[in-house]
Amino acid sequence: MTTATAEIGGARRAIRHGSVSRERKRALYWSYFFLILFVIFFLTPPLYMVITSLKSSAEISAATNPWWVNHPTLDNYWQLLTQNQFLIFFKNSVVVSICVVAVTMVIAVFAAFSLARVGFWGSATLATGVFLTYLVPDTLLFIPLFKIFARLHDFTGIEFINHWWILIVLYPTLTVPFCTWIMIGYFASIPKELDEAALIDGASYLQVLTWIFIPVALPGIIAATIFCFTVSWANFLYPLAFTTSTDQLVLPAGIVTTLIKGDVFNWGQIMTGALLGAAPPLIIYAFLMDYYISGLTAGATKG
Amino acid sequence: MRTLTRRAVLKTGTLVAASTLPLPFVRRAHAAGKLRIGFWDHRVPGANDTLTKLCHEWADKEKVELTIDYITSQGDKLNLTQAAEAQAKSGHDMLTFLAWAAAAQADNLEPMDDIMAPLTQAYGKIAPGIEYVAKQEGHWISVPACVGSPTLPCAGRIDLIREIVGFDVTKAYPAGAPADKELNEKWTWQFFLEASEKLAKAGHPMGVGFGVTNDSVSWTDPVIRSMGAALVDKDGNITVKSDAMKQALEWFQRLVPFCPKYSFAWDDASNNKFLISGEGPLIFNPPSAWAVAVRDNPKVGQQIWHFPSPMGVKGRFVAAVPFFWGVWKFSPNKSAAKSLLTYLCQKSSVEQTVAASKGYDIPPFSGLHDFKTWLEEGPPKGTVYNYVPRGDVEMVIPYSPAPARIANQIYAQATLPKMIAKCTTQGQTVGQAIDWAANELEGFMRT
């Protein structure tokens, strides 16, 4: 019988013990590295906008350092905020966005509940069809929609084109399909036991929706609201096509059409207008993000 | 069951009798109907106000209820509105069309022969290139607009060109007098190339763009045209494969090194900014750049002079980017629209709109090029006198006389600047660039 032996004093492989804190630090450094790259990439344009908004036209025209303001001025902000036009665009945008969000969420929540929960013949096909309508780009839709409103004008005598409120009718064609689809997903993830228990206790479908589904699916509703608000705040094509007069324009179309004249760009005011226009969505995102995250972490059901 | 009472019969009878009485005609304030117009949103502050005033003067006299919308060309808003209204057969009664867009809508526009005949008789001919677009299948389908229509001559720095190139543009093209014969003959595309080299070496590259926007697409056509080249002829034949086109592209190959590297990414404002900053010695542009320079960089603004494009073997051409006023066939008040157009084209009206635009507007009628606005605007005084095509300068719409549907595509797709890009920065040969263009043009033939 042979016995394998190891020589004492021979070469030994170094034993490395893992360090959790070292690994953690390494992960953190790499995370920060990529986050910094991300921040630089995505925040550089807004920074450039801020810098340009603080410059006069003369300084923008001059061949100076674009990343430095030699003679800062708030004239661009002052001129925009004291101009009726910009405030009208802002007001129109606010009213349109709020109305569109309200209309969309009412439609989407009810539609999603009926498609996801009530169940009827063809509901699955209808749900897929709702989502597929979202895939049609708005660049294909605006001319048929224009024709529809022109025909309605012929029948009713009501002038639809060139009024800001037409956007309240138009934007839901973009927002309802996607929001319905989001809500279908959220409602489908709610355990059936919840609504079955409520139904057994005598609740109607409307009560099930309002007392159980909406509170439980609140993060999804907020996500859909954010999407809906963003689409209606930032949409450019439909206001460009359907509104013409200055007092009917919303912010995106208004800034471009009134601050750019031919080949003369009022860059200072354009950047200022864009920053002021971006402020409401930013504030809403910041506010609703906290609520959304806390909703997620609170959990859908209690134990 | 309801019984018929005497009172009910009397009431009904009275109502019927009253409705059949011949009521006297009450002439309301807008007895001649309504008119809805879409004008181009003029870049010159105050120009819209003058046009509005003229329109309302007419409307008050003719008793028409007028609505005016000023539509920007930014974001293709004007084109968008035209396309949507043409499809929907609803919208404004009259719209403004830019360059080839009027010809593209020829089937939807009301003929204007009845008002163009007396206007041309009174105020002179229209430039052939503009007539080519405004007249389709033998009929005037739109009126060349007296408001907003610019050309793109040279807008150059008097001081830089004089000191570095040794060419005095104010002497060559003085205000209020004909061009200097000798200097005018010297101002050729070959001389332009030599001047570009000198200016570039002195740190002032030529401010000409090769992007895909209006300015770049427009200024390049007079270059090839004056060398005898064309992409498509008037019969729709592809003529890009020619020696003249090769020579033209070789000329561009020699020019590009003397231009800013990023000029291939320029939009319509980039060349303006380049000139206004003081870096650029010359651009091809209407007086909009000069006007902003006077406001933002007066030292540069005071040194800008507008003068004709250089000459080639086939002549001296300047790109016009005219607007046209067209009346939709579906308009319920075509007669009022035509009456308004006639009013706006009267000399007294045009003089006011030209003055309000500070000389930016070039009336299409040859007999309306003598307003004192062009002599007096400044600083420097008289800078826009030679902005108006005079002497041997021929106004052309880029890519005419190709058939409208093809020229429209060439214009919209920026075929010529892309050709130039291919044989310069993209490293292809002139032959390859021409082959590419021929392929593109064949595709346009199928539109």
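Remember, it's a predicted structure, so these values are computed and weren't measured experimentally.

Regarding the environment of V264(A)
Logical step 1: As for its position among the elements, V264(A) is in strand β2 (residues 264-265).
Logical step 2: When near neighbours in sequence (up to four residues on either side) are disregarded, V264(A) contacts R43(B), S288(B) and V292(B).

Digging into the domain arrangement of chain B
All names here are of chain B.
Logical step 1: The domains assigned to chain B are domain 1 (34-149 + 322-371) and domain 2 (154-319 + 392-445).
Logical step 2: Averaged C-alpha coordinates put domain 1 and domain 2 at centres separated by 28 Å.
Logical step 3: The partner domain 2 presents 14 residues to the 15 residues of domain 1 that form the contact.
Logical step 4: At the level of secondary structure, the elements contributing two or more residues to the side of domain 1 that touches domain 2 comprise α4 (101-104) and α6 (128-134).
Logical step 5: The greatest single-element share of the side of domain 1 that touches domain 2, amounting to 4 residues, is contributed by α6.
Logical step 6: Split by residue class, the side of domain 1 that touches domain 2 holds 10 nonpolar, 3 polar and 2 charged.

Here we look at the nonpolar core
Logical step 1: The biggest cluster of nonpolar side chains holds 209 residues, and the ones touching the most others in it are A112(A), M183(A) and L231(B).
Logical step 2: A total of 13 residues in this core trace back to one element, the largest contributor, which is helix α4 (residues 84-118) of chain A.
Logical step 3: Apart from the residues within four sequence positions on either side, A112(A) is in contact with T180(A), M183(A), I184(A) and F187(A).

Observations regarding the confidence of the model for chain B
Residues and elements named next belong to chain B.
Logical step 1: On average, residues of chain B score 91 in pLDDT, and 93% of them are at 70 or above.
Logical step 2: A low-confidence stretch, residues 17-28 (pLDDT under 50), is modelled with 0 contacts involving residues beyond four sequence positions or located in other chains.
Logical step 3: With a pTM of 0.81, the predicted complex shows an ipTM of 0.78.

Considering the environment of R316(B)
Residue and element names in this part refer to chain B.
Logical step 1: Among the structural elements, R316 can be located in strand β11 (residues 315-319).
Logical step 2: For R316, a count of 21 C-beta atoms within 10 Å translates into the label buried.
Logical step 3: The spacing of R316 and N386 is 70 residues in sequence and 13 Å in space, taken between C-alpha atoms.
Logical step 4: Apart from the residues within four sequence positions on either side, R316 is in contact with S226, P308, S309, M311, D392, V393 and E394.

Analysis parameters
Residues numbered from 1 in each chain as written. Chains lettered and ligands numbered in written order. Predicted model: local features only at pLDDT ≥ 70, side-chain atom pairs only at ≥ 80, totals over all residues. Helix = DSSP H or I, 4+ residues; strand = E, 2+ residues; numbered from the N terminus. Contact = placed C-beta atoms within 7 Å. Domains from an automatic or database assignment. Nonpolar A, V, L, I, M, F, W, Y, C, P; charged D, E, K, R; others polar. Core = buried A, V, L, I, M, F, W, Y, C linked by C-beta atoms within 7 Å. Buried ≥ 20, exposed ≤ 12 C-beta atoms within 10 Å, placed from the backbone. pLDDT = per-residue confidence, 0-100.

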